[in-house]
Amino acid sequence: PSLISYIGLALGDVADAIVVGNKLGVTGLAAISIALPFFMIINVIMHGFGAGGAIVYSRLMGEGNRDQAIRSFNSVLRVSIIISVILAAAGNIFMEPLLGVLGTEPADGELYRTSYEYLQIIAIGTPFIMISYILNYYLRNAGSEKLASFAFTVGNIVDIVLNIILVLVVRMGVRGAAL
C-alpha cells in the first residue's frame, strides 16, 4: 500500500485507542489488546494469500496466461473465504477457551465481558476483513493501484468516523469500536 494508506491505517489505530481509551478506559484498551493476537493471525493469513496470490496472478498475466491467472485468483479467493469462515465460526464456537488462551476468563468480570464482546464482532467480521485486503492486493497488481489506495484510504477514514460515531455518539462501547 501507498504511504498515504499506511498513514490512514495508523491514524485509524490511534483513533481507536483514543476513542476507546477516553470512553471505556483501561478495560476497553485491555479488551482490544487481548484480541490483538487473534487479529494478527487473520493478518498473517490475509496478507499471505493477498501478497502471494497477487504476485502469482501478476506473473501469469505478464506471461500471457490470462486464463490461468484468473483460475489462480479464483482459487485464492475460494480458499480464503473457506479459511475466513472457519476462523469466524471457530472463534465464536470456542470463544471462552480462546479468551482463556489470550489472557482472560469469566472470573475477570468486566474485562472478560468486554473482551468477549469485542472479539466476537472481530471474529464474525473475519471474512469481510480478509477478503477486502486480498482484493486490494489484486487491484494493485492488476494495475489499479490508485483505485486500491483510494479504497484503502476511504476505508480507514470511514473506520475513524464510525469509531467516533458508534463509540462516542451512539454509545455502543467496545461493540462500536469493533464494528
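Here, every reference points to the structure presented above.
Residues numbered from 1 in each chain as written. Predicted model: local features only at pLDDT ≥ 70, side-chain atom pairs only at ≥ 80, totals over all residues. Heavy atoms only, no water.

Chemist: Now, about the packing of aromatic side chains: what can you tell me, with residues and values included?
Modeler: The final tally for this structure, using the stated rule, is 4 aromatic pairs. Between Tyr57 and Tyr138 the ring centres are 5.5 Å apart and the planes differ by 70°, which places this aromatic pair in the edge-to-face class. One end of the pair, Tyr57, is in helix H1 (residues 3-62); the other, Tyr138, is in helix H5 (residues 126-141), with 81 residues separating them in the sequence. By the burial criterion, Tyr57 is buried, and Tyr138 matches it. Aromatic side chains Phe73 and Tyr138 sit 4.7 Å apart centroid to centroid with 75° between the ring planes, which places their arrangement in the edge-to-face category. Note that Phe73 is positioned in helix H2 (residues 66-93) and Tyr138 in helix H5, a separation of 65 residues in sequence. Put simply, the rings of Tyr57, Phe73 and Tyr138 pair up and form one aromatic cluster. (Phe/Tyr/Trp six-rings, centres within 6.5 Å; stacked < 30°, edge-to-face > 60°. Helix = DSSP H or I, 4+ residues; strand = E, 2+ residues; numbered from the N terminus. Buried < 20%, exposed > 50% of the residue type's maximum accessible area, 1.4 Å probe, protein only.)

Chemist: So what's going on with the environment of Ile134? Residues and values would help.
Modeler: Of note, Ile134 is situated in helix H5. The spatial distance from the C-alpha of Ile134 to the C-alpha of Ala148 is 11 Å, given a sequence separation of 14 residues. Beyond its immediate chain neighbours, meaning those up to four positions away, Ile134 contacts Met46, Phe49, Gly50, Val76 and Ser80. (Contact = heavy atoms within 4.5 Å.)

Chemist: Explain the pattern of salt bridges to me, and be specific about the residues and the numbers.
Modeler: Under the criterion given, the structure shown has 3 salt bridges. Arg113 is the partner of Glu110 in a salt bridge, and the nearest nitrogen-oxygen pair spans 3.1 Å. Of the two residues, Glu110 and Arg113 both sit in helix H4 (residues 110-124), 3 residues apart, roughly one turn of that helix. Using a relative accessible area of 45% as the deciding quantity, one classes Arg113 as partly exposed. A salt bridge links Glu117 to Arg175; the nearest nitrogen and oxygen atoms lie 4.0 Å apart. Taken together, the residues span a long stretch of sequence, with Glu117 in helix H4 and Arg175 in helix H7 (residues 174-178) at a distance of 58 residues. (Salt bridge = Lys/Arg side-chain N within 4 Å of Asp/Glu carboxyl O.)

Chemist: Outline the packing of H2 against H4, supporting the account with residue identities and numerical values.
Modeler: Running from amino to carboxyl end, H2 crosses H4 at an angle of 155°, the nearest separation of the two axes being 8 Å. What the angle tells us is that H2 and H4 run roughly antiparallel. Relative to H4, the crossing made by H2 is left-handed. Contacts from Ala88, Gly91 and Asn92 of H2 reach H4 at Gln120, Ala123 and Ile124. The residue inventory of the contact of H2 with H4, partitioned by class, reads 3 nonpolar, 3 polar and no charged. (Axes fitted to C-alpha atoms, helices over the stretch in contact; angles between N-to-C directions. Parallel < 35°, antiparallel > 145°, perpendicular 65-115°, else oblique. Left-handed = near helix turned anticlockwise from the far one by under 90°. Nonpolar A, V, L, I, M, F, W, Y, C, P; charged D, E, K, R; others polar.)

Chemist: Could you give an account of the environment of Ile164, naming the residues involved and the relevant values?
Modeler: Residue placement: Ile164 occurs in helix H6 (residues 145-169). Residues contacting Ile164, with those up to four places away along its chain left out, are Val19 and Val169.

Chemist: Now, about the side chain of Thr114: what can you tell me, with residues and values included?
Modeler: Position of Thr114 among the secondary structure elements: in helix H4. On the accessibility criterion, Thr114 (7% relative accessible area) is buried.

Chemist: Talk me through the environment of Leu168; I want residue IDs and the actual numbers.
Modeler: Topologically, Leu168 is positioned in helix H6. Residue class for Leu168 comes out partly exposed when judged on its relative accessible area of 35%. For the pair Leu168 and Asn22, spaced 146 residues apart in sequence, the C-alpha separation works out to 9.1 Å. In this structure Leu168 touches Val19, Lys23 and Asn163, once residues within four positions along its chain are discounted.

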